[in-house]
Amino acid sequence: MPETPGDPGLEEVGPLLQQRLVRTAIPGPRSEELMARRRSAVPAGVGTTLPVFVTRAAGGIVEDVDGNRLIDFGSGISVTNVGNSAPRVRAAVAAQLERFTHLCFQVTPYLGYVEVCEALNRLTPGDHEKRSFLVNSGAEAVENAVKVARYATGRQAVVAFDHGFHGRTQLAMTLTGKAMPYKSGFGPFAPEVYRARYSDPFRGQGQLAETLGFLETTVGAANVACIVVEPIAGEGGFVVPAPGWLAGLADWCRANGALLVADEVQSGFGRTGAWYACEHEGVVPDLVTTAKSLGGGLPIGAVTGRAEIMESVHPGGLGGTFGGNPLACAAALAAIETIEADGLLERANRIGGVMTDALEALARSHQAVGDVRGRGAMVAMELVGTDGLTPDKAAAGRVAAACHAQGLLVLTAGTQGNVLRLLPSLVIPDDLLEEGLGILAGAVASDERVAE
Ligand SMILES: *Cc1c(COP(=O)(O)O)cnc(C)c1O
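Residues numbered from 1 in each chain as written. Predicted model: local features only at pLDDT ≥ 70, side-chain atom pairs only at ≥ 80, totals over all residues. Heavy atoms only, no water.

Once that is clear, we can look at the nonpolar core. General note: in soluble globular proteins, nonpolar side chains tend to be found buried as a group. Grouped together as the largest cluster of nonpolar side chains are 85 residues, with contacts concentrated most on Phe-73, Leu-134, Phe-269, Leu-287, Met-381 and Leu-440. When residues in this core are grouped by element, the largest group, nine residues, is from helix α10 (residues 326-341). Counting contributing residues, this core receives three or more from each of domain 1 (29-85 + 343-451) and domain 2 (88-341). Those residues in contact with Met-381 that lie beyond four places of it in its chain are Leu-359, Leu-362, Val-369, Asp-371, Val-372, Asn-418, Val-419, Leu-420, Leu-440 and Val-444. If you look at the next biggest cluster of nonpolar residues, it comprises 24 residues, including Val-159, Leu-215, Val-224 and Ala-250. (Core = buried A, V, L, I, M, F, W, Y, C linked by side-chain atoms within 4.5 Å. Buried < 20%, exposed > 50% of the residue type's maximum accessible area, 1.4 Å probe, protein only. Helix = DSSP H or I, 4+ residues; strand = E, 2+ residues; numbered from the N terminus. Domains from an automatic or database assignment. Contact = heavy atoms within 4.5 Å.)

Here is the structure:
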């Protein structure tokens, strides 16, 4: 049955052993073989962080075709917050698979879609009347939030930020604030997008007064349909804005008839120890985008917003063939149940505390660690040069590579590429979390010795 050469475990059932194991070089010979196949079938434009081919994943472990078991600090970029193949998600999807796989909600509705929207209306910030609709990805959610905002306000200008990442489709790519690899060569970009400075306390950039001045002077208050902002910049390097900055944007929007769109695709859905990162700042956005972890590993995204804004659009103006696929809806409901029943918000805070303590200890003993930041289980460190400020992208790459070689999957991030970000699943066992942090600390220490 297994088609993958030498696959050690496809037919095995039962839990995946939650223990790191490095049996070969990483990537091992079987992964190298499959990478050669990949290279002749898939363009290099679709990148690879760690070229190991995976057979199974669960809890805090990813198992590869060479039999290595890696500690997973990436969660598929914060998609498997509830864990890979989480038991409730698996059961719900299997049950739905027996009933129907697709109808198209705009042709004939089904309850799962409505239930996911009800849950999002309940879980997103604010207790006002809301509506939600479902799409397939984060980029699609952002595009649709902007469509709704333009429609509801009758205005065109959209304000985004440096450090921002909003996806790879035309408008989402335009909103993204980083040329390489996301934008270079892919222009022209969508019109009426303006870019302001994101609040970056470590670098002392993007004061609220500066941001508001830009809105008033460069864009013109009466032209702004919406501000699209990540409450914590994800791909931009887990930059947490200065206290009050987000709230200041929300106040400005309210005073000027513009809408605040919180892009919570990465920061939302339990990652930061709250359902949505905006809650930490007491900010209630007009529109919220959710995706990544919403489907517990299945592809689904959503736009949630104030009822009067969402209801402004004419029938048929929103939707899509696959949006809110029945299997993805079943998975999302199971993911929500898992977070609630298993106390994963509290768990995110506990994991975050352990990660922050470990990284702050590293920062105290290693000059190369310039900043440690994040919220809940969304924690990162910035690697810098000897002046304590100059971004050191090469160091981040070396540390990540050293971790990978020892069976720890970590992701880099940052506008300057010098950030290591930690995004373990919220069901990672404590001992794997500690072991992974130990490997990371060792990698930073030995890199500093090499650099000296
Ligand atoms: C990942 C991400 C997106 C894009 O989501 P896709 O599903 O990859 O289209 C948008 N916004 C943020 C904040 C993200 O992290």
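On we go from here.
It is worth spelling out the pattern of salt bridges at this point. Working definition: two side chains of opposite charge can pair if their charged atoms are close together. Within the structure shown, the criterion is met by 18 salt bridges. Taking the shortest distance from any N to any O, the salt bridge between Arg-88 and Asp-342 comes out at 3.1 Å. Taken as a pair, Arg-88 in helix α3 (residues 87-99) and Asp-342 in the loop between α10 and α11 (344-365) lie far apart in primary sequence, 254 residues in all. Overall, the relative accessible area of 28% leaves Arg-88 in the partly exposed class. By relative accessible area, which is 42% here, Asp-342 ends up partly exposed. For Arg-254, the salt bridge goes to Asp-251, with nearest N and O atoms at 3.2 Å. You can see Arg-254 and its partner Asp-251 sitting in helix α8 (residues 245-256), three residues apart, about one turn around the helix. (Salt bridge = Lys/Arg side-chain N within 4 Å of Asp/Glu carboxyl O.)

Now for the pairing of strand β6 (residues 193-196). Relative to β6, strand β5 (residues 157-161) is paired through four bridges, and the arrangement is parallel. Of the residues in β6, the one forming a bridge with Val-159 is Tyr-194. Traced from β5 through helix α6 (residues 170-175) to β6, the parallel crossover comes out right-handed. (Pairing = 2+ DSSP bridges. Right-handed = clockwise from strand over helix to strand, strands pointing away.)

This brings us to the environment of Phe-186. Looking at the element boundaries, Phe-186 is found in the loop between α6 and β6. Counting along the chain gives 16 residues from Phe-186 to Gln-170, while the straight-line C-alpha distance between them is 8.8 Å. In this view, Phe-186 contacts Met-173 and Pro-181; residues no more than four positions away in its chain are not counted.

Let us look at the packing of aromatic side chains. Under the counting rule described, the total for this entry stands at nine aromatic pairs. Considering the side-chain rings of Tyr-110 and Tyr-113, the 6.3 Å spacing of their centres and the 85 degrees angle between planes classify their relative orientation as edge-to-face. For Tyr-113, a relative accessible area of 8% translates into the label buried. Members of the aromatic cluster, connected to one another through ring pairs, are Phe-100, Phe-105, Tyr-110 and Tyr-113. Lying over the aromatic face of Phe-189, Lys-183 brings its terminal NZ or CZ to 5.0 Å of the ring centre. (Phe/Tyr/Trp six-rings, centres within 6.5 Å; stacked < 30°, edge-to-face > 60°. Lys NZ or Arg CZ within 6 Å of the ring centre and 35° of its normal.)

Interhelical geometry of helix α7 (residues 208-219) versus α8 gives an angle of 30 degrees and a closest axis separation of 10 Å. By the angle between their axes, α7 is roughly parallel relative to α8. Between α7 and α8 the crossing geometry is right-handed. Here Leu-208, Thr-211, Leu-212, Leu-215 and Glu-216 of α7 come into contact with α8, specifically with Trp-245, Gly-248, Leu-249, Trp-252 and Asn-256. (Axes fitted to C-alpha atoms, helices over the stretch in contact; angles between N-to-C directions. Parallel < 35°, antiparallel > 145°, perpendicular 65-115°, else oblique. Left-handed = near helix turned anticlockwise from the far one by under 90°.)

Right, let's get into the domain arrangement of the chain. Segmentation of the chain into domains returns domain 1 (29-85 + 343-451) and domain 2 (88-341). Between domain 1 and domain 2, the C-alpha centre-to-centre distance is 25 Å. In this assembly, 40 residues from domain 1 lie in contact with 35 residues from domain 2. Taking both partners together, domain 1 and domain 2 bury about 3,100 Å²; carbon and sulfur atoms supply 58% of that area. On the domain 1 side of the contact with domain 2, Leu-345, Arg-375 and Met-378 bury the most area, a combined 26% of that side's loss. (Buried area = accessible area lost by both parts, 1.4 Å probe.)

Now for the site of the ligand. In the vicinity of the ligand, the residues found are Ser-137, Gly-138, Ala-139, Phe-165, His-166, Gly-167, Glu-230, Asp-263, Val-265, Gln-266 and Lys-292. Contact between the ligand and Asp-263: a nitrogen atom at 2.7 Å from a side-chain N or O atom of the residue. Classifying every residue of the shell around the ligand gives three nonpolar, five polar and three charged. (Near = heavy atom within 4 Å. Polar contact = N/O pair within 3.5 Å; in protein donor to acceptor, adjacent residues only side chain to side chain. Nonpolar A, V, L, I, M, F, W, Y, C, P; charged D, E, K, R; others polar.)

Turning our attention to the sheet that holds strand β3 (residues 69-72). The strand order across the open sheet built from four strands is β1-β2-β3-β13, with neighbouring strands paired in mixed fashion. Here the strands that pair on one side only, and so sit at the sheet edges, are β1 (54-58) and β13 (408-409). As paired strands, β1 and strand β2 (residues 61-64) are joined by four bridges and run antiparallel to one another. If you follow Ala-57 over to β2, its bridge partner there is Val-62.

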